[in-house]
Amino acid sequence: MSQRASDLLTLTREGLYCPLGRFHVDPTRPVERALITHGHADHARAGHGTVLATPETLRIMAVRYGEDFCTTRQEARLGERMRIGDVTVFFAPAGHVLGSAQIAIERDGKRIVVSGDYKRAPDPTCLPFEVVPCDVFITEATFGLPVFRHPDTRGEVRKLIDSVTLFPERAHIVGAYALGKAQRVMALLREEGWDRPIHLHGAMEKLTELYKREGVPLGETPKVVAADRKSLHGAIVLCPPSSIQDVWSRKFPDPVTAFASGWMRVRARARQKGVELPLVISDHSDWPDLCRTILDTGAEEVWVTHGQEDALVHWCGTRGIRAKPLHLLGYGDDGEAEPDPGHDPRMEEASA
Ligand SMILES: [Zn+2]
Ligand SMILES: [Zn+2]
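Owing to the predicted nature of the structure, the values given are computational and were not obtained by experimental measurement.

Definitions and limits used
Residues numbered from 1 in each chain as written. Chains lettered and ligands numbered in written order. Predicted model: local features only at pLDDT ≥ 70, side-chain atom pairs only at ≥ 80, totals over all residues. Helix = DSSP H or I, 4+ residues; strand = E, 2+ residues; numbered from the N terminus. Rg over C-alpha atoms; globule rule 2.2 N^0.38 Å. Buried ≥ 20, exposed ≤ 12 C-beta atoms within 10 Å, placed from the backbone. Contact = placed C-beta atoms within 7 Å. Domains from an automatic or database assignment. Nonpolar A, V, L, I, M, F, W, Y, C, P; charged D, E, K, R; others polar. pLDDT = per-residue confidence, 0-100. Pairing = 2+ DSSP bridges. Axes fitted to C-alpha atoms, helices over the stretch in contact; angles between N-to-C directions.

**Q** So what's going on with the overall build of the protein? Which residues, and what values?
**A** A tally of helices and strands in the protein yields 10 helices and 18 strands. Relative to its length of 352 residues, the protein is compact, with a C-alpha radius of gyration of 20 Å against a globular reference of 20 Å. In terms of overall dimensions, the protein has C-alpha extents of about 65 × 45 × 30 Å along its principal axes. A buried classification covers 48% of the 352 residues belonging to the protein. Here the analysis covers contacts within the protein between residues at least 6 apart in sequence; of these, 60% occur between residues at least 24 apart.

**Q** Before we move on, can you summarise unusual backbone geometry with the specific residues and values?
**A** Most peptide bonds take the trans configuration, and most residues that are not glycine carry a negative phi. Positive phi values are uncommon outside glycine, yet Arg-22 reaches one of about 50°. Locating Arg-22 in the fold gives a position in the loop between strand E2 (15-18) and strand E3 (23-25). The phi dihedral of Asp-108 is positive, around 50°, even though this residue is not glycine. For Asp-108, the position within the fold is in the loop between strand E9 (101-107) and strand E10 (110-114). On the neighbour-count criterion, Asp-108 (10 C-beta atoms within 10 Å) is exposed.

**Q** For the domain arrangement of the protein, give the residues involved together with the corresponding values.
**A** We note that the domain assignment places domain 1 (2-147 + 283-337) and domain 2 (153-281) within the protein. The straight-line distance from the C-alpha centre of domain 1 to that of domain 2 is 29 Å. On the domain 2 side, the residues contacting the 18 residues of domain 1 number 18 residues. Taken together, the residues of the side of domain 1 that touches domain 2 sort by class into eight nonpolar, five polar and five charged.

**Q** Any details on the confidence of the model for the protein? Residues and values, ideally.
**A** Overall, the predicted model of the protein reaches an average pLDDT of 92, with 93% of residues at or above 70. Scored below 50 in pLDDT, residues 334-352 makes 30 contacts in the model with residues more than four places away or belonging to other chains.

**Q** Any details on the environment of Arg-107? Residues and values, ideally.
**A** Along the polypeptide, Arg-107 turns up in strand E9. Assessed through the 18 C-beta atoms surrounding it within 10 Å, Arg-107 is described here as partly exposed. Placed 87 residues apart in sequence, Arg-107 and Leu-20 show a C-alpha to C-alpha distance of 9.3 Å. Those residues in contact with Arg-107, other than ones at most four positions away along the chain, are Leu-8, Leu-20, Asp-86, Val-87 and Thr-88.

**Q** Now, about the sheet that holds E10: what can you tell me, with residues and values included?
**A** The seven strands are arranged E7-E8-E9-E10-E11-E17-E18 in an open sheet whose pairing can be described as mixed. The outermost strands of the open sheet, each flanked by one partner alone, are strand E7 (82-84) and strand E18 (322-325). Direction aside, neighbouring strands of the sheet carry axes that sit 25° apart on average. Pairing geometry for strand E17 (residues 301-307) and E18, over four bridges, is parallel. Bridge assignment links Val-304 to a residue of E18, and that residue is Pro-325. Set on the sheet, helix H8 (residues 287-297) makes contact with E10, strand E11 (136-141) and E17; between it and E11 the angle comes to about 170°. On top of the sheet, helix H9 (residues 309-318) reaches E11, E17 and E18; it is set at about 170° to E18, its chief contact.

Below, the structure written as structure tokens:
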């Protein structure tokens, strides 16, 4: 199987490459033909020739990079088999962000699944992860250590609402990645009964509007206007992680700083970022879900793309599953912590 797997998928300096189909998956540099799992900047880059992705991911890329982000767009319908060169591919939901998909590559009855980033926890803003049985499963390991067990998101969002009830004079500034996490937090707040407006930093606006156009109900989400900041007592305001600590957030009334991330499990990280109210909300699988997913796929071989690879590779070994780390560079949650290309938070300060 090892031999056959490497015929189906191998590594080049651009990333994962299928020689029989002559395409890359989530390449980190411009290539002729790219299959993209989801819209996060570390997986979806501008400048490729042909891009095959779900319609939602294509629209996310167009919002982030402009309509000319690639030469030719091709839509992948979930579950629809497509022939590319000498292989067959299909996309299946990954449960990570809107439009996120796993990509299955098949030939001669052998199947490799590239999962991109994924989670098993419920998310009102995207389709749930679908188990695709396969011979080789390619997984991330962002939270690939047994200490990582994400709590129920409802409890985390409850903490935020309770804090507003406790401090009705203070604005609550919540740092969240602009794609996926921010909209999930909004949807979770609505589920928990928060029916007041959710205020947005300018950098959140375009992608939030896109989510609404795609049919995700998020309620009223006005953009913060500079002049109004002082009067936003008891408001919930979402902004990019980088804005929690800068002057932008200090203009609000006695701000409480919160941050929604799986990393908030690590107290030192929360302290280091000056976060008063850590919210452990992650769009990645925690340790139990990584292990469960590997078993669910029935894969006899696992490749780990990025994150805490060693523990997961070791765990696979204890289960008799062959596993290897790929040490792929250019991926990782932190890529999402960066502002969008061409977006300068200082400009936002001037306009918002
Ligand atoms: Zn991602
Ligand atoms: Zn990623």
